[in-house]
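# Architecture and fold: a report
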Amino acid sequence: MRPTTPGLVLACTLLACAPESPPEPEPTPLSGGARGWNVVLISVDTLRADRLGAWGYQDRPNSPAIDELASGGVLFGDAVAPRSLTWPSLATVLTGLYPSGHGVIDNGRSLADGQPALPLLLREAGYSTAAFLSNMCRANHQGWDHFACAGGVDRRLNREALAYLAPRREAGEAGEAGEAGEKDPAADREPPFLMWVHYFGPHPPYYNGGDRARALDPDYAGLLAPRKGVLDRVMTEPIELDDADLRHLDALYDAAVMGTDGLIGELLRGLSELGENDRTLVVFLADHGEDLYQHHQYLYHACSVYQSSLHVPLAFVAPGLLPAGAAIAGPVELSDVLPTVLDLLGLPPPACIHGRSLVPALERAVAGSVDELGVDDHFAGHAMSEYGDSLVSTFQEGSWKVVSNPDREAVPCMQGVPAGFYPIGETELYDLASDPGEQADLSSRHPEEAARLRERQALLRASLCPTPAAAREPEALPDDVRRQLEELGYVVRDG
């Protein structure tokens, strides 16, 4: 029997039960189907789902490696980050908890000692563990046998990750060269591994694109360039961008996506050379997206409560276990990653978890219970985001999304911008089905819908198990971590 969690129990409470429908194919049980498999977590900083071909982007072919990876498994079309900020979001991936639960409510905060997290849980299950990060390096990570930080230099990140895999590849080649038929080759296999690779990717100032942006937009002669000081001026002075500027902004961002995509392709080829694809689960995701001037003339992400920075790619790839080319619509959360991985591996979840296993949805995909477009909206659920220690939040159910700021707080999110730079309304309401760009606030036209969503969110919060990390006193940030965050343009607050 699949272990139950508060999130799974909540699914029936929060969601309207689906109406009776014709009998569907019996789902194939997946719990434990990847028992003993390797797990590879690939995450990309600041990567919008809607700027990837597999998630519908058509302006330019900027993500062939990512698209090929996602097409080999099941992608979720409407995954949502718990905050448009790296450290809180990635801590949620590792723990299955909202930021208010794991305590990493801002960049620079640390995971609690002994916090049940993916590397600790898998190491206890006999896995070797390795992490290669270009961001969030100083978050008190625990459970990693091998840990490396590339400080935003993604090419170095790849070199170190591939070097880590080399001995395993060589051991496999040596085994293949031995005499066949003497014993089961599985007997000599290395223990399974967990490897996490986090790319800096298209994080501003978008320098991972190299010279590609100029090639994508060769006639541009304006202000914008992949330099932080230049991009900051757009918001701090502020400077209004015209159509040519916006085209070049898109080119800068897409160029950075291209650069990251090439490195991911290189990593995937290295993984393929291990010859273990048939027992490797790959999870692909992003920590958050990027506003790119769509809201309040803001380029970056930390201020945002909108899908431009909250909607992220999420895909699970497991050859022979999960079908290729399936897509599932409806909101899911990055908090769902940990319980889903553990469910597939046949491992129990921690005692307290906020996310829910997506294995039931994956089982439906295996059974082929999808329409002709490959989209199954039966599992459309809920998604919530938080905003540090403020009461600002978002809650989405189906296509409806409410933004709440009950204190009408002007939350600081970027250094040097004018007062009131990024106004968040007391209540904002959007129908993402008809208005995916969130340009038309419907809160005054449908106050009953906004009230209903707030009630659902309150129900969700009331159902969450408490965690010791949530009650921790915020720690003082080390001076070097503070400087690094401020150099990236973040407002850093103690307490």
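Residues numbered from 1 in each chain as written. Predicted model: local features only at pLDDT ≥ 70, side-chain atom pairs only at ≥ 80, totals over all residues. Heavy atoms only, no water.

## Observations regarding the overall build of the protein chain
Within the protein chain, the secondary structure is distributed over 14 helices and 13 strands. Classification of the 495 residues of the protein chain by burial places 56% in the buried group. In the protein chain, 74% of the contacts between residues at least 6 apart in sequence involve partners at least 24 apart. Only carbon and sulfur atoms are counted for the fraction: they give 52% of the accessible area of the protein chain, which is about 20,100 Å². (Helix = DSSP H or I, 4+ residues; strand = E, 2+ residues; numbered from the N terminus. Buried < 20%, exposed > 50% of the residue type's maximum accessible area, 1.4 Å probe, protein only. Contact = heavy atoms within 4.5 Å. Areas by Shrake-Rupley, 256 points an atom, 1.4 Å probe, with all protein chains shown as cover.)

## Some details on the nonpolar core
Counting residues in each nonpolar core, the largest one holds 127 residues, and the members touching the most others are F76, M195, Y206, F284, L299 and L314. Sorting elements by how many residues they give to this core places helix α9 (residues 243-272) first, with twelve residues. Filtering out sequence-adjacent residues up to four positions away, L314 remains in contact with W55, V74, L75, F76, A79, V283, F284, L285, V332, V337 and L358. (Core = buried A, V, L, I, M, F, W, Y, C linked by side-chain atoms within 4.5 Å.)

## Considering the sheet that holds strand β11 (residues 393-397)
On the basis of which strands lie adjacent, the open sheet formed by four strands has the order β10-β11-β12-β13 and antiparallel pairing. Every other strand in the sheet has two partners, leaving β10 (382-386) and β13 (427-431) as the edge strands with one partner each. In this sheet, neighbouring strand axes are inclined to one another by 10 degrees on average, regardless of whether the strands run parallel or antiparallel. With five bridges connecting them, strand β12 (residues 400-404) and β13 associate as antiparallel partners. Residue V403 lies in a different strand from β13, and its bridge partner there is E428. In the packing of helix α13 (residues 447-463) onto the sheet, contacts are made with β10, β11, β12 and β13, and the angle to β11 comes to roughly 100 degrees. (Pairing = 2+ DSSP bridges. Axes fitted to C-alpha atoms, helices over the stretch in contact; angles between N-to-C directions.)

## With respect to unusual backbone geometry
Cis rather than trans, the peptide bond between P204 and P205 has omega equal to 15 degrees. In this fold, P205 is placed in the loop between β5 (193-199) and α7 (212-216). Cis geometry is found at the peptide bond from E237 to P238, where omega equals -20 degrees. Along the chain, P238 falls in the loop between α8 (228-236) and α9. Unusually for a residue other than glycine, M136 sits at a positive phi of about 60 degrees.

## A look at the packing of aromatic side chains
Applying the stated rule across the entire model yields twelve aromatic pairs. Ring centres 5.8 Å apart and planes at 75 degrees place the aromatic pair Y298 and F421 in the edge-to-face group. Taken together, the positions of Y298 in the loop between β6 (280-286) and α10 (307-310) and F421 in the loop between β12 and β13 put the pair 123 residues apart, joining distant regions of the chain. Taken individually, Y298 and F421 each receive the classification buried, so the pair is uniform in this respect. Ring centres 6.5 Å apart and planes at 50 degrees place the aromatic pair F421 and Y422 in the tilted group. Considered together, F421 and Y422 belong to a single accessibility category, that of buried residues. Among the aromatic side chains, those forming a connected cluster through ring pairs are Y298, Y300, Y306, F421, Y422 and Y430. (Phe/Tyr/Trp six-rings, centres within 6.5 Å; stacked < 30°, edge-to-face > 60°.)

## Remarks on the confidence of the model for the protein chain
Any residue range with low pLDDT should be treated as having predicted coordinates unsuitable for detailed reading. Predicted confidence across the protein chain gives a mean pLDDT of 88, with 84% of residues reaching 70 or more. Confidence over residues 1-19 falls short of pLDDT 50; this stretch has 38 contacts with residues more than four positions distant or in other chains. Confidence drops under pLDDT 50 across residues 371-379; counting only partners more than four residues distant or on other chains, this segment forms 19 contacts. (pLDDT = per-residue confidence, 0-100.)

## Describing the environment of F200
If you trace the backbone, F200 turns up in the loop between β5 and α7. Here the alpha-carbon distance between F200 and T46, two residues 154 residues apart in the chain, equals 7.7 Å.

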